[in-house]
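# A closer look at the structure
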2 protein chains.
Amino acid sequence: MPYNIAVPVRDMDELIVRPVKVFREKLGLEVLLGHEATRIDRQNKEVFGYDQNGKEFSCPYDKLLIATGASPIIPDLPGFDLEGVMPLNSLDQGRRIKNFLATKKVNKVVIIGMGYIALEMAEAMAARDIQVDMVKPRKRFLPWMNKELSARVWAELQDQGVNLYPGHDLQAIEQENSQFRVIAQDVELKADLIIVATGIKPNSELAEEANLELGPHRSIAVDKNLRTSDGDIFSAGDCADAYHLVTGKKTWIPLALRANRAGRAVADNVTKKNTKLDGVAGTAVFKVFDLEVAKTGIDQNEAIEAGFSPVEIVIQANSRAHVYPGAQTIFVYMLGDKDSGRLLGAQMVGKEGVAHRINAPAVAIHNKMTVQDFSQADLAYAPPFSPVWDPMLVAANQLIKNM
Amino acid sequence: MPYNIAVPVRDMDELIVRPVKVFREKLGLEVLLGHEATRIDRQNKEVFGYDQNGKEFSCPYDKLLIATGASPIIPDLPGFDLEGVMPLNSLDQGRRIKNFLATKKVNKVVIIGMGYIALEMAEAMAARDIQVDMVKPRKRFLPWMNKELSARVWAELQDQGVNLYPGHDLQAIEQENSQFRVIAQDVELKADLIIVATGIKPNSELAEEANLELGPHRSIAVDKNLRTSDGDIFSAGDCADAYHLVTGKKTWIPLALRANRAGRAVADNVTKKNTKLDGVAGTAVFKVFDLEVAKTGIDQNEAIEAGFSPVEIVIQANSRAHVYPGAQTIFVYMLGDKDSGRLLGAQMVGKEGVAHRINAPAVAIHNKMTVQDFSQADLAYAPPFSPVWDPMLVAANQLIKNM
């Protein structure tokens, strides 16, 4: 949605991959919109709820999929329910933001939160010539990221004129005519529009009430076949958990690829095929203005928590060979386990050649590869794309020396 | 060198990473330039040869490294020794080409050969507004590449005004004043300058005369420690062979990263550290005008030859999410082994997002990953960089269906 919101003329409906018509007419599925499921009767295998007229309905099942997604966490503070205070969790909310921008004079936006959706929204607002302030309670900017790398992202936002206020507890939002004020500890920020991007939580209430087992962050616990603790009930998407390939433990990382893949795996598993998903590597990428920011695996804190003996390195390298003009600096952070030699994680920041580079350590993590073995990887080299030693290999070679 | 030759004002010396002074003064090494080694006395551990004045010299060794590189293959045909007929195997040759371009009127170049150096030179010449014709004996353009993908590269060259004449046996080069004529079967091509890029051969004569074991294409056979069949003699660089990680057999793929890595490994192995190099995955990338072209692993013919049961797929996918403007088409070719399920190779062509993408299947090949496991890889997704399902995952998912 941020990329759609950035461009006034684009229709939010472009984001719909398959309209409901396709499901009904082409796939022949019965789709009950406006029906809220409120209870699962596991004994009798039936779902109960209410339609849009408040009339109770029930629906029997052989197999059930809970794909309820996630919802934004809205701080329970005064003013967060005001008209001009908007989360970004549905196409309708996206339309509301676009409509607000189209009909009101918005020169200044405050974004609450600094995660990747918040950062993408900062870029979207800047693309519409709107001044952006960002504020959040936690002191550390991109807390999962190595500090040298997050400082690079911070610098990019400052270069682009975005003001960042981390470490300010939120207290209230106040409105005076069409002007809002975000009141936080030690700072007050004026805004014509406020976007709330303070993270999401899994929609697991229905599962919880049905006494299904929960995972991290109260997500719905599933096995590798996407089965919940009830063998006839599956869960997939942002509401469900997954195994982390580095720690072997459950994790909740609500991202599009896993959600999509899990949905397809459930389709396999409720029909004839047995599809097991091993888990997630923790790979993610986002764009912030001219920067590409990517990660895979775990960070140092997660490594300590999981019982590893983490060793880390940060290097800077050129994105292209020294003989080829236009090189940018790429920061590479790499984390290894001193005991097993395993590659535990990688992070990268740079103006080019970051987004796809991260897939190499991601695949390495799938294979529980050691840093030593990764350092021998036969990676692609040509002057326009990389130095002879890819920045990732430089990082791996450096990291080995500390292991 | 092609990228340097493309820009008149750039000095060829920019390509020198470390001048000989560094080796002599900073590293304290004795460097004998202008000394040709002509014989190795393995029994007495001594190298013999001649200095630039034709005076014999000898040099004893404890350990010996043969890093003699490779030489261009110049067809043994009339006219290939003419002044305006130039290979591209040394900085001096590069300087000669640049000097020729600076001092003569060159409107038209014929490039003999269509490998990646030939293609990079085509781009370099076009960047200097020189019309390019390319000719070679073999009928198939990029013979290692899947035909749908090589057709895409062909189309790009045609779009850029380069004329391609594969399948024409070379007969002679003739000169009339400052004009050359390349005479091939059924075609004659006029040129002001002729560049010969018809491949290279390893400089293994010295090793062969010393009765060291040879590998594919008469390269110098080395084990994983870069030792030749004589335990005190090592070889590294474009003259030496390597194990191929897919076939487990010896191969000769003279590329910069392996050469560099092998040199460092020899340094380890002649000092205290034991460094073994497992081998090469066959990863390579090059740029042809606006196209990125990349490969890793083996092709179908190599797979059949190595006893695999190859299954292949070609898909086309967008380089970015459908919601993000500016997407380009990426062609992905993927090759798997029906018997073991292993991923054997991948090839990609596209205007963006190809060069670094290839590193993911390259790492998969290092780990002997199956196509099925690769299809579960947690790859990076954000709208500016990829669809939710990365083109490589789309290819893997398709390929599985045929396996």
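Read on for an overview of the structure. (Residues numbered from 1 in each chain as written. Chains lettered and ligands numbered in written order. Predicted model: local features only at pLDDT ≥ 70, side-chain atom pairs only at ≥ 80, totals over all residues. Heavy atoms only, no water.)

## Notes on the sheet that holds strand E18 (residues 284-288) of chain A
Residue and element names in this part refer to chain A. Strand order in the open sheet formed by 5 strands is E18-E19-E22-E21-E20, with antiparallel pairing between adjacent strands. Among the strands making up the open sheet, the edge pair consists of E18 and strand E20 (310-318). Direction aside, neighbouring strands of the sheet carry axes that sit 10 degrees apart on average. By the bridge criterion, 9 bridges tie E20 to strand E21 (residues 329-337) in an arrangement that is antiparallel. In the strand pairing of E21, Ile315 is matched with Val332. Most of the contacts of helix H5 (residues 147-159) go to strand E22 (residues 343-350), to which it runs at about 25 degrees, and overall it touches E18, strand E19 (291-297), E20, E21 and E22. Sitting on the sheet, helix H9 (residues 359-366) touches E19 and E22, and the angle it makes with E22 is about 170 degrees. (Pairing = 2+ DSSP bridges. Helix = DSSP H or I, 4+ residues; strand = E, 2+ residues; numbered from the N terminus. Axes fitted to C-alpha atoms, helices over the stretch in contact; angles between N-to-C directions. Contact = heavy atoms within 4.5 Å.)

## Focus on helix H5 (residues 147-159) of chain B
All names here are of chain B. Between its terminal C-alpha atoms H5 stretches 18 Å, which fits the 18 Å expected from 13 residues at 1.5 Å a residue. For H5, the complete set of buried residues consists of Leu149, Ser150, Val153, Glu156 and Leu157. Across the axial projection of H5, the buried residues extend over an arc of 110 degrees, all falling on one side. More than 90 degrees from the buried face of H5, the exposed residues found are Lys147 and Asp159. In the segment just after H5, Gly161 is the residue with positive phi, at about 85 degrees. (Expected span 1.5 Å × (residues − 1). Buried < 20%, exposed > 50% of the residue type's maximum accessible area, 1.4 Å probe, protein only. Arc of directions from axis to C-beta.)

## Topic: the pattern of salt bridges
All names here are of chain A. Summed over all chains, the structure comprises 32 salt bridges over all chains. Note that Asp230 and Arg42 form a salt bridge whose closest N and O atoms lie 2.8 Å from each other. You can see Asp230 sitting in the loop between helix H6 (205-209) and strand E15 (233-235) and its partner Arg42 sitting in the loop between strand E1 (36-41) and strand E2 (46-50), a full 188 residues away along the chain. Relative accessible area serves as the criterion here: at 10%, Asp230 is assigned to the buried category. Within the structure, one salt-bridge network assembled from shared partners comprises Asp13, Asp92 and Arg95. (Salt bridge = Lys/Arg side-chain N within 4 Å of Asp/Glu carboxyl O.)

## Description of the relation of the copies chain B and chain A
Its rotation angle being 180 degrees, the transformation that places chain B on chain A also includes 0.0 Å of axial translation and leaves an RMSD of 0.0 Å. Here the two chains are linked by the operation of a two-fold rotation axis. Closest approach to the rotation axis within chain B is made by the C-alpha atom of Ala360(B), at a distance of 2.1 Å. In this assembly, 100% of the residues forming the interface of chain B have copies in chain A that are likewise at the interface, indicating an isologous arrangement. (Least-squares fit on C-alpha atoms with pLDDT ≥ 70 in both.)

## A look at the interface of chain B and chain A
On the chain A side, the residues contacting the 55 residues of chain B number 55 residues. Across the chain B/chain A interface, buried area totals approximately 4,900 Å², and carbon plus sulfur atoms make up 62% of it. When residues of chain B are sorted by the area they lose upon contact with chain A, His356(B), Asp378(B) and Phe385(B) head the list and together hold 16% of the total. Linking chain B with chain A are 0 salt bridges, by the criterion used here. (Buried area = accessible area lost by both parts, 1.4 Å probe.)

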